Amino acid sequence: MTEDRPTPSAESADPRRWWILAVLSLALFAIVLNNGLLNVAIPAMMRDLDADIGRMQFIVDGYALALAGALLTAGTLSDRYGHKRATLAGTVVFGVGSVVGMSADASGQLVAARVLMGLGAAFIMPGTLAVLVHVFPPDERARAIGIWSGSSALGVAAGPVVGGALVGHFWWGSIFLVNLVPVAVVLVAGGLLLPESRDRSPRRPDPVGALLGTAAMVGLVYGAIQAAKHGWTAPGPVAGFAVAAVGGVCFVLWERGHSHPMVDFALLRRAPFIGASVSILLLMFGLAGTLFVLTQRLQFGLGYGALKAGLAVMPVAIAVLVGTLLCPAVVRRVGPGGSVATGLAVGAAGILVLGRAGEGYPPVLGGLVLAGVGFGLAMGPTTDVVMSLVPPERSGATGSLDMTMQEFGNALGVAVVGSVLAAGYHREMSGTGLPAPAARTLESALELADRTGGAAGQTIAATARSGFGQAAGTGLVMASAVVAAGAVLAAVLIPGRKGLPAATPTTAAPGSAAPEAVPVSETEAKAEAKAKTETEAEAGTETEAGTEAKVSAEPAVSAGPVEPAAPKQVPVGTGPPDTGA
């Protein structure tokens, strides 16, 4: 039977862990990359499949809705059946969806393909994070999580570039075909390298909770997506948010009365968890909203093509990776809270530079680099803080919560910043006296300018670009303010150099004594003592001291109370836990 694996120390960590990280990062990169690939191929798909814009919305949104709806359930299942198994199973489903999409000759098949890919991604995301938590020691985990998160940013930036090249030289189905390369690598290398881990005392299946949680998350993300397209008061977003509210309330009420809830509600009362979760949500809000506005500004404002615009935003991904490499040194100096707060503050400054950038690319480049480095400093520690608050065997479910916050932040950023952009553009154009179509969108105004031609057409285009530039600046300044608020929140709620409180213990079975909180450093010492004792027992030389160590390392399920140990402060990503007095 597969068992949970104790968090390794620097000496006992898997020597293949950096190769394992490469496999995990490739899996995450592949599922994020595909969204960018799809956006570039939409015009060709609409033409070849004779699909209207409504059907294309289902193709685009089916992935996000399936992912958001399945994340929490997938994370819980990965804890129960194994994190490696969840990662590889999700990769297979993602690959099957890619094959269906590649061979599709109708829009309905593409919708099914995207839903399958979203379901696969829902298992890959928490599964890869849980494996990472198990193989990396605490002093390396923040850097590893940062690199893993950086692969996601690289996928976001590379999507339009790779997609433009594929669609330009092949057919739109190639954006699905290319997925099969990382899928094959992850399946082969992952099967050989990834260790298995799972919860030894898994929670019982909770289909009612899973259904309610799925309804709440699908409604929430659907509402945000529809708000970005049709406005916040349209029937779509109102219905989505209503379903989310009802589903969310029912989910909380059901889970609070369940003996083995899917969500550890004790986490929701811990300041570090709240600070880290909201910080990553606001970070993704700022990043997604900024890229949404910036790609339009580059294409419509500066006249870049899709491929050139994709190349123009690539520096942000490189800067994120640079930030992740700098992160451990910053964490050692100011702690995880200081690193997150500093990163978000620098990221907010970068977005502000983008919002105030005039004509030309150099100011855009400077803002992208500044924002990317800042976000790189914040990404790793936020996730590391969340994962450090729970035992490693529960990392799948907890990782799914972290991923859910990121997905919602992404959808919310596009919706809110997009709404500010649309409202600002309409306001800027309302007093110009130009025809009504020019006030709807910049694209409509440029089409009108082309049809008009001559000096009048040039006037329409220049006025529309100026109005869009002003509106884009307003949207980016608002995104900068939101990220800056996250910096303040992180500084207040996430611990600095003094470290984090002990992880929330695994919940005992009904009728047994509830286990006391055990410091991470003591947990590791007991796990090592248990491993040594079991080795001695197999050789027939188990000693009395070894037996006592083994007993002390067993889960606390006895009828009597357990004397709690004095908790030690555990820094995140700053080195091995302090074992001094």
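This is a predicted model, so every value here is computed, not measured.

**Looking at the overall build of the protein**
Then, in step 1: Scanning the protein from terminus to terminus reveals 18 helices and zero strands.
Then, in step 2: A buried classification covers 53% of the 581 residues belonging to the protein.
Then, in step 3: With the model as given, the accessible surface of the protein reaches about 23,500 Å², and the carbon-plus-sulfur share is 66%.

**A few points about the packing of aromatic side chains**
For any pair of aromatic rings, geometry is given as the distance between the ring centres together with the angle between the planes.
Then, in step 1: Within this structure, the stated rule accounts for two aromatic pairs.
Then, in step 2: For the pair Trp 18 and Phe 136, a centre-to-centre distance of 4.8 Å together with 70° between the ring planes defines the contact as edge-to-face. Here Trp 18, found in helix H1 (residues 17-49), pairs with Phe 136, found in the loop between helix H4 (107-135) and helix H5 (138-169); they are 118 residues apart in sequence, far enough to count as distant.
Then, in step 3: Given a relative accessible area of 0%, Phe 136 falls into the buried group.
Then, in step 4: The interplanar angle of 65° and the centroid separation of 6.3 Å between the aromatic rings of Tyr 425 and Phe 468 together place this pair among those described as edge-to-face. Taken together, the residues Tyr 425 in helix H13 (residues 395-430) and Phe 468 in helix H16 (residues 454-493) connect sequence positions 43 residues apart. Considered together, Tyr 425 and Phe 468 belong to a single accessibility category, that of buried residues.

**Observations regarding the nonpolar core**
Then, in step 1: Residues Ile 31 and Trp 148 are the most contacted members of the largest nonpolar core, which totals 115 residues.
Then, in step 2: The greatest single-element share of this core, amounting to 15 residues, is contributed by H1.
Then, in step 3: Setting aside chain neighbours within four positions, we find Trp 148 in contact with Leu 21, Leu 24, Ser 25, Leu 28, Met 125, Thr 128, Leu 129, Leu 132 and Met 403.

**Points about H5**
In an α-helix, one turn spans 3.6 residues; hence positions three or four apart end up facing the same way.
Then, in step 1: Here H5 contains 32 residues, and its C-alpha end-to-end distance of 46 Å stays within 8% of the 46 Å for a straight helix at 1.5 Å per residue.
Then, in step 2: The largest bend along H5 reaches roughly 40° and is located at Ala 158, with the proline Pro 160 sitting one to four residues downstream.

**Considerations on the environment of Met 314**
Then, in step 1: Mapped onto the elements, Met 314 comes out in helix H11 (residues 306-356).
Then, in step 2: Among all residues touching Met 314, those that are not within four sequence positions of it are Leu 154, Ala 157, Ala 158 and Val 161.

**A word on the pattern of salt bridges**
Then, in step 1: Summed over all chains, the structure comprises one salt bridge.
Then, in step 2: One salt bridge in this structure joins Glu 140 and Arg 17, with 2.6 Å as the shortest N-O distance. Placement of the pair is Glu 140 in helix H5 and Arg 17 in helix H1, with a sequence separation of 123 residues. Note on accessibility: Glu 140 and Arg 17 belong to one class, buried.

**What to know about the environment of Ala 86**
Then, in step 1: In this structure, Ala 86 sits in helix H3 (residues 83-102).
Then, in step 2: As for Ala 86 and Gly 75, which are separated by 11 residues in sequence, their C-alpha atoms are 8.5 Å apart.
Then, in step 3: Look past the residues within four positions of Ala 86 in its chain and what remains in contact with it is Ser 78 and Phe 123.

**A few points about the packing of H5 against helix H12 (residues 362-388)**
Then, in step 1: Contact geometry of H5 with H12 gives a least axis separation of 8 Å together with a crossing angle of 120°. Between H5 and H12, the angle is such that the two are oblique. For the element pair H5 and H12, the recorded crossing hand is right-handed. Along its contact with H5, which presents Arg 141, Ala 142, Ile 145, Gly 146 and Ser 149, the element H12 presents Met 379, Gly 380, Thr 383, Asp 384 and Ser 388.
Then, in step 2: Of the residues in the contact of H5 with H12, the class split is three nonpolar, five polar and two charged.

**Focus on the confidence of the model for the protein**
Then, in step 1: This prediction gives the protein a mean pLDDT of 75; 77% of its residues lie at or above 70.
Then, in step 2: For the stretch residues 1-5, pLDDT sits under 50, and the model shows 16 contacts to residues farther than four places along the chain or on other chains.
Then, in step 3: In the predicted structure, residues 534-581 sits below a pLDDT of 50 and forms 73 contacts with residues beyond four places in sequence or in another chain.

**A few points about helix H7 (residues 180-193)**
Then, in step 1: Here H7 contains 14 residues, and its C-alpha end-to-end distance of 19 Å stays within 8% of the 20 Å for a straight helix at 1.5 Å per residue.
Then, in step 2: Of all the positions in H7, only Pro 182, Val 183, Val 186, Ala 189 and Gly 190 are classed as buried. Here the buried residues of H7 occupy an arc of 155° about the axis, which is enough to place them on one side. In H7, those exposed residues whose orientation departs by more than 90 degrees from the buried face are Val 181, Val 188 and Leu 192.

**Brief notes about the packing of helix H10 (residues 271-301) against H12**
Then, in step 1: Where H10 meets H12, the closest approach of the two axes is 9 Å, and the angle between their N-to-C directions is 155°. One element, H10, and the other, H12, form an angle in the roughly antiparallel class. In terms of crossing hand, the pair formed by H10 and H12 is left-handed. In this structure, H10 contributes Pro 272, Phe 273, Ala 276, Ser 277, Ser 279, Ile 280, Leu 283, Leu 287 and Leu 294 to the contact, and H12 contributes Val 364, Leu 368, Phe 375, Ala 378, Met 379, Thr 382, Val 385 and Val 386.
Then, in step 2: Residues that form the contact of H10 with H12 fall into these classes: 14 nonpolar, three polar and no charged.

**Notes on a nonpolar patch on the surface**
Then, in step 1: Together, Val 92, Val 96, Leu 187, Val 188 and Leu 192 make up an exposed nonpolar region whose accessible area comes to about 430 Å².
Then, in step 2: Counting only elements with at least two residues in the nonpolar patch, the list comes to H3 and H7.
Then, in step 3: In terms of residue count, H7 provides more of the nonpolar patch than any other element does, three residues in total.
Then, in step 4: Note on placement: Val 96 falls in helix H3.
Then, in step 5: For Val 96, a relative accessible area of 43% translates into the label partly exposed.

**Focus: the side chain of Ser 174**
Then, in step 1: Relative to the helices and strands, Ser 174 resides in helix H6 (residues 174-177).
Then, in step 2: Owing to a relative accessible area of 4%, Ser 174 belongs among the buried residues under this scheme.
Then, in step 3: Looking at Ser 174, its side chain comes within polar contact range of the main-chain oxygen of Trp 171, at 2.6 Å.

Calculation criteria
- Residues numbered from 1 in each chain as written.
- Predicted model: local features only at pLDDT ≥ 70, side-chain atom pairs only at ≥ 80, totals over all residues.
- Heavy atoms only, no water.
- Helix = DSSP H or I, 4+ residues; strand = E, 2+ residues; numbered from the N terminus.
- Buried < 20%, exposed > 50% of the residue type's maximum accessible area, 1.4 Å probe, protein only.
- Areas by Shrake-Rupley, 256 points an atom, 1.4 Å probe, with all protein chains shown as cover.
- Phe/Tyr/Trp six-rings, centres within 6.5 Å; stacked < 30°, edge-to-face > 60°.
- Core = buried A, V, L, I, M, F, W, Y, C linked by side-chain atoms within 4.5 Å.
- Contact = heavy atoms within 4.5 Å.
- Expected span 1.5 Å × (residues − 1).
- Bend = angle between axes of the 7 residues up to and from the residue.
- Salt bridge = Lys/Arg side-chain N within 4 Å of Asp/Glu carboxyl O.
- Axes fitted to C-alpha atoms, helices over the stretch in contact; angles between N-to-C directions.
- Parallel < 35°, antiparallel > 145°, perpendicular 65-115°, else oblique.
- Left-handed = near helix turned anticlockwise from the far one by under 90°.
- Nonpolar A, V, L, I, M, F, W, Y, C, P; charged D, E, K, R; others polar.
- pLDDT = per-residue confidence, 0-100.
- Arc of directions from axis to C-beta.
- Patch = residues over 30% accessible without salt bridge, like charges linked within 9 Å, V, L, I, M, F, W, Y side chains within 5 Å.
- Polar contact = N/O pair within 3.5 Å; in protein donor to acceptor, adjacent residues only side chain to side chain.

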